[in-house]
Amino acid sequence: MTQHRSELLMPAGNLRKLKMAILYGADAVYLGTPDMSLRTKSEFSLEEVIEGVDFCHAHGRRAYLTLNLFLHNKDIPKLDEYIETVRRVKPDGLIIADPGVFQYVREHAPEIPLHISTQSNVCSWMTVKFWQGQGADLCVLAREVSFAELTEIREKCPDIKLEAFVHGAMCMTYSGRCLLSNFMAERGANQGNCANSCRWNYTLKMRLKDGTVEDLEINDTNKDMFEFLLEEGCRPGELMPIEEDARGSYILNSRDLCIMPKLNDYLSIGVDSLKVEGRGKSEYYCAIVARAYRMAIDDYYADPEGWNPKPYMRELEAVGNRGYTLAFHDGRLTNYAHDYEHTAALAQWEYAGVVTEVTEDAFLVQVKNKLGAGEVLEFVSPIARETVLLRMYDFERAADGERLEMVQGSTQTVIRIPFSLFDHEDLDELRARFPAFTVLRKERALNEEQWNRIRFDKLTQGMEVSGRGDPAAYARRRDALAASIAQDSNEKRFKTNRVGTEGCCGKGCNGCMIFWQDDQYGQAREVLLRRKQGEQLSRVEARTLKIPSA
């Protein structure tokens, strides 16, 4: 009997992101056009939607179109034209939230499979059965559904497909039913135009009796005079503290959902589709997140008992995030699901470039972030699991052959990287493993505030996943982060032992002149020469094999 396998469903904000998601392992993508889906920033034209769906089908994958806005009267006349467009596109399903739209499509295009959007707030098996009775093929469950509830829904609803979110940004309101964005920025969250007002920095003001308004600055001399508290109307006397400092307050800042540490639970009960949020995220995000979940899903089916999430979490940590949380997996949220100190998405790695063409003797790479002399580029294959490291001391501009010591990402410069620089690789394998749309990443230098944020995120995620709290450790990491924020230092450092053209990470990168010439790395070179092409030293090996300088 064929094994039931869960589908990996990735977002596609434009045609390029769609192609990269598919190449890096997505089984399906969801996409839409700005006028009728909950993403007014969608970058698809109708022609690109058709091309994208054809690309998916040519690769044996699926494409779902979104029609998940809540209709106003002004939108109804567009439906006839939209349905004709859908018939022309031929998607594998249509994602709908509005019951009126659902009924309309069932009557006018009964051949199209219908998926119930997360915006419909499906939280129980009774609601799933309702939509199944109406003719829905799949229900996307709300993020607020716990794993225990999901398990019961699966047991009671075996004959309809279920989809659950496993990764991406979290909304502070009930599956996106938010009026804060409308009130603060006149941008409708339920019309796909959320301003993310919940993540803004809020500062306390004081109105004097004469009507003037002034800042209330909280500093070391007066901070003990004030305590700021919230009281919710149905809980009189239950006062919730709000901390504010010179940076303001972030009382609504959720961490990002990441179910990877518990992904085996979802796979074991047969959730049909595992959904990743982020049509507005970067193409780098699409590629790396798809790659991580593809490897995790495949490895689970190959060896369920031996499955371990750690290697895939390391991949996900290479993508900008607000810190990861299991969110509602265990039921109620804990304080570990929110970050009250820092709101920025952050990672130790960043997008370096993308292969635009593979010629007879070189990669052509469009630069995405600033590259400087001594940079180590990591080629992340959409085909093979092994990555390849290349250290470069200058960059050849493809347009005119000029050699540059620095390239800015904002210029959309294309550089030429000759195969001859890859002194440890088999060139035929290199060409095969890194086709067009291969992403390159590089280590990012961080300041002390950012390093403390990453340490804090790792600690809180570990406590949430294990269920073992450590209030003392939590307080230490939180206070270290707050102290470094207050210092506002701009001094940055890499994690590995190098600055510019100096130093070496010891991993034997292609092209690294220091590694292959410095006597300190003699033992390391001997070890690497006995290994297969492209196999790297671990961090511990690199440190152990390095001979101390005299």
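Note that the coordinates shown come from a computational prediction; the quantities given were computed from them, not determined experimentally. (Residues numbered from 1 in each chain as written. Predicted model: local features only at pLDDT ≥ 70, side-chain atom pairs only at ≥ 80, totals over all residues. Heavy atoms only, no water.)

Enquirer: Whenever I open this one, the overall build of the chain confuses me. Can you help?
Expert: Scanning the chain from terminus to terminus reveals 16 helices and 28 strands. A fraction of 69% describes how many contacts in the chain between residues 6 or more apart in sequence connect residues 24 or more apart. Counting only carbon and sulfur atoms, one obtains 50% of the accessible surface of the chain, whose full area is about 26,600 Å². (Helix = DSSP H or I, 4+ residues; strand = E, 2+ residues; numbered from the N terminus. Contact = heavy atoms within 4.5 Å. Areas by Shrake-Rupley, 256 points an atom, 1.4 Å probe, with all protein chains shown as cover.)

Enquirer: I tried to follow the pattern of salt bridges on my own but got confused; where do I start?
Expert: A side chain of one charge can pair with a side chain of the opposite charge if their charged atoms are brought near each other. As enumerated under the stated definition, the model contains 35 salt bridges in all. Lys 281 is the partner of Glu 277 in a salt bridge, and the nearest nitrogen-oxygen pair spans 3.5 Å. The closest approach of N and O atoms between Lys 442 and Glu 350, which form a salt bridge, is 2.6 Å. In this pair, Lys 442 is assigned in strand S24 (residues 439-443) and Glu 350 in strand S15 (residues 349-358), connecting sequence segments 92 residues apart. Through salt bridges with shared partners, a single network forms among Asp 361, Asp 394, Glu 396, Arg 403 and Arg 416. (Salt bridge = Lys/Arg side-chain N within 4 Å of Asp/Glu carboxyl O.)

Enquirer: Mind showing me how you'd approach the side chain of Ser 6 here?
Expert: Checked against the element boundaries, Ser 6 lands in the segment before strand S1 (7-11). Side-chain polar atoms of Ser 6 contact the backbone oxygen of Val 271, separated by 2.5 Å. Among residues more than four places away in sequence, those in contact with Ser 6 are Asp 27, Leu 267, Val 271, Asp 272, Leu 274, Ile 297 and Tyr 301. (Polar contact = N/O pair within 3.5 Å; in protein donor to acceptor, adjacent residues only side chain to side chain.)

Enquirer: Sorry if this is basic, but what is going on with the sheet that holds strand S20 (residues 395-397) here?
Expert: Taken together, the eight strands give an open sheet; going across it, the order is S19-S18-S24-S15-S16-S23-S20-S21, and neighbouring strands pair in antiparallel fashion. Each having just a single partner strand, strand S19 (388-392) and strand S21 (403-404) make up the two edges of the open sheet. In this sheet, strand S23 (residues 414-418) lies alongside S20 in antiparallel orientation, the contact comprising two bridges. Across the sheet, residue Arg 397 finds its bridge partner in S23, namely Ile 415. (Pairing = 2+ DSSP bridges.)

Enquirer: Sorry if this is basic, but what is going on with the nonpolar core here?
Expert: Generally speaking, soluble globular proteins have nonpolar side chains that are buried together. Counting 96 residues, the largest nonpolar core has Val 29, Leu 94, Val 105, Met 260 and Leu 263 as the members making the most contacts within it. With 14 residues, helix H9 (residues 283-302) is the single largest residue contributor to this core. Leaving out residues up to four positions away in the same chain, Val 105 has contacts with Leu 67, Ile 83, Leu 94, Ile 96, Pro 110 and Leu 114. (Core = buried A, V, L, I, M, F, W, Y, C linked by side-chain atoms within 4.5 Å. Buried < 20%, exposed > 50% of the residue type's maximum accessible area, 1.4 Å probe, protein only.)

Enquirer: Mind showing me how you'd approach the packing of helix H1 (residues 15-23) against helix H2 (residues 46-58) here?
Expert: When two helices pack together, you describe them by how their axes are tilted relative to each other and by the distance separating the axes. The contact between H1 and H2 brings their axes to 10 Å, and the two run at 10°. Taken as axis vectors, H1 and H2 run roughly parallel relative to one another. Side by side, H1 and H2 meet where Leu 15, Leu 18, Lys 19, Ile 22 and Leu 23 of the first sit next to Glu 48, Glu 51, Gly 52, Phe 55 and Cys 56 of the second. Of the residues that constitute the contact of H1 with H2, the class distribution is six nonpolar, one polar and three charged. (Axes fitted to C-alpha atoms, helices over the stretch in contact; angles between N-to-C directions. Parallel < 35°, antiparallel > 145°, perpendicular 65-115°, else oblique. Nonpolar A, V, L, I, M, F, W, Y, C, P; charged D, E, K, R; others polar.)

Enquirer: So what exactly am I meant to see when it comes to the pairing of strand S2 (residues 28-31) here?
Expert: Successive side chains on a regular strand alternate, one facing one side of the sheet and the next facing the other. Every second residue of S2 is oriented toward a common face, with Ala 28 and Tyr 30 on one face and Val 29 and Leu 31 on the other, all of them buried. Taken together, the three bridges between S1 and S2 define a ladder with parallel strand orientation. Considered in S2, the bridge of Met 10 is made with Val 29. Sheet topology places S2 next to strand S3 (residues 62-67); four bridges connect them, and they run parallel. Across the sheet, residue Tyr 30 finds its bridge partner in S3, namely Tyr 64.

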